[in-house]
Amino acid sequence: MDLASLRHIIGKSVLVVLGLGFTILWLAAHAVWAMGSFMGNAMMNDSGRMPNSAHVFIIFGCLFGQGIAALAGIPGGLAFFLSEIRRPLLKWFGGLFLLGALIQIALLAHV
């Protein structure tokens, strides 16, 4: 094995570790965000002005949007080391994150 191929293997290994680290950190950050969002959404109807069914819809709708945004971390992490399909993976990453964020914004905009 020559030095060039060894560098290539080490470089690919580093990218795999970075991709896995990104995915794990992304999912962990979204888990923390989802817990905080759930607590905030659960307490937002203290005045009782909103019907219970609408309140529950907003809580679970925001958690659904958060889950979609969290799933964006998977193609984001894969994009680190799958250079052949990086562009579609980054499109999926951006699209899923944007979709999840827009779901949450749409639900909270009418409150």
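As shown above, the structure is provided for reference.
Residues numbered from 1 in each chain as written. Predicted model: local features only at pLDDT ≥ 70, side-chain atom pairs only at ≥ 80, totals over all residues. Heavy atoms only, no water.

**Student:** Sorry, what's going on with the overall build of the chain here?
**Tutor:** If you tally the helices and strands in the chain, you get four helices and zero strands. Listing every helix and strand of the chain by position from the N terminus yields α-α-α-α. On C-alpha atoms alone, the chain measures out to a radius of gyration of 19 Å, which is more than a quarter above the 13 Å that the 2.2 N^0.38 rule sets for 111 residues. The C-alpha extent of the chain, read off along each of the three principal axes, is 70 × 25 × 15 Å. In the chain, the share of contacts with a sequence separation of at least 24, taken over all contacts with a separation of at least 6, comes to 70%. When the accessible surface of the chain is split by element, carbon and sulfur atoms take 77% of a total near 7,300 Å². (Helix = DSSP H or I, 4+ residues; strand = E, 2+ residues; numbered from the N terminus. Rg over C-alpha atoms; globule rule 2.2 N^0.38 Å. Contact = heavy atoms within 4.5 Å. Areas by Shrake-Rupley, 256 points an atom, 1.4 Å probe, with all protein chains shown as cover.)

**Student:** How do you make sense of the side chain of Thr-23 when you look at a structure like this?
**Tutor:** By the element assignment, Thr-23 lies in helix H1 (residues 3–43). A polar contact is formed between the side chain of Thr-23 and the backbone oxygen of Gly-19, at a distance of 3.0 Å. Other than its neighbours up to four places away in sequence, Thr-23 contacts Gly-73, Ile-74 and Gly-77. (Polar contact = N/O pair within 3.5 Å; in protein donor to acceptor, adjacent residues only side chain to side chain.)

**Student:** What is the right way to look at the packing of aromatic side chains in this model?
**Tutor:** The description of two aromatic rings rests on the distance between their centres and on the angle between their planes. What the rule picks out here adds up to five aromatic pairs. A network of ring pairs unites the aromatic residues Phe-22, Trp-26, Phe-80, Phe-93 and Phe-97 as a single cluster. (Phe/Tyr/Trp six-rings, centres within 6.5 Å; stacked < 30°, edge-to-face > 60°.)

**Student:** I tried to follow the environment of Ala-101 on my own but got confused; where do I start?
**Tutor:** If you trace the backbone, Ala-101 turns up in helix H4 (residues 86–109). Residue Ala-101 is classed as buried on the basis of its relative accessible area of 19%. (Buried < 20%, exposed > 50% of the residue type's maximum accessible area, 1.4 Å probe, protein only.)

**Student:** Explain H4 to me, please; I cannot follow it from the model alone.
**Tutor:** Because each turn of an α-helix spans 3.6 residues, side chains separated by three or four positions in sequence point in the same direction. Here H4 is 24 residues long and its end C-alpha atoms lie 34 Å apart, about the 34 Å a rise of 1.5 Å per residue gives. Along H4, the positions that sit buried rather than exposed are Leu-89, Phe-93, Leu-96, Gly-100, Ala-101, Gln-104 and Leu-107. Buried residues along H4 sit against H1, helix H2 (52–71) and helix H3 (73–81). (Expected span 1.5 Å × (residues − 1).)

**Student:** What is the right way to look at the nonpolar core in this model?
**Tutor:** Soluble globular proteins tend to pack their nonpolar side chains together in the buried interior. Counting five residues, the largest nonpolar core is built from Trp-26, Ile-68, Ala-72, Phe-93 and Leu-96. Ignoring anything within four residues of it in the chain, the contact list for Trp-26 reads Ala-69, Ala-70, Ala-72, Gly-73, Phe-93 and Phe-97. (Core = buried A, V, L, I, M, F, W, Y, C linked by side-chain atoms within 4.5 Å.)

**Student:** Where do I start with the packing of H3 against H4 in this structure?
**Tutor:** How two helices sit against one another is set out by the angle between their axes and by the gap between those axes. It is the contact of H3 with H4, at a shortest axis distance of 8 Å, that shows an interaxial angle of 155°. Judged by the angle between their axes, H3 and H4 are roughly antiparallel. Judged by the sense of rotation from one axis to the other, the crossing of H3 with H4 is left-handed. Contacts between H3 and H4 pair Gly-73, Pro-75, Gly-76, Leu-78, Ala-79, Phe-80 and Phe-81 from the former with Arg-86, Leu-89, Leu-90, Trp-92, Phe-93 and Leu-96 from the latter. (Axes fitted to C-alpha atoms, helices over the stretch in contact; angles between N-to-C directions. Parallel < 35°, antiparallel > 145°, perpendicular 65-115°, else oblique. Left-handed = near helix turned anticlockwise from the far one by under 90°.)

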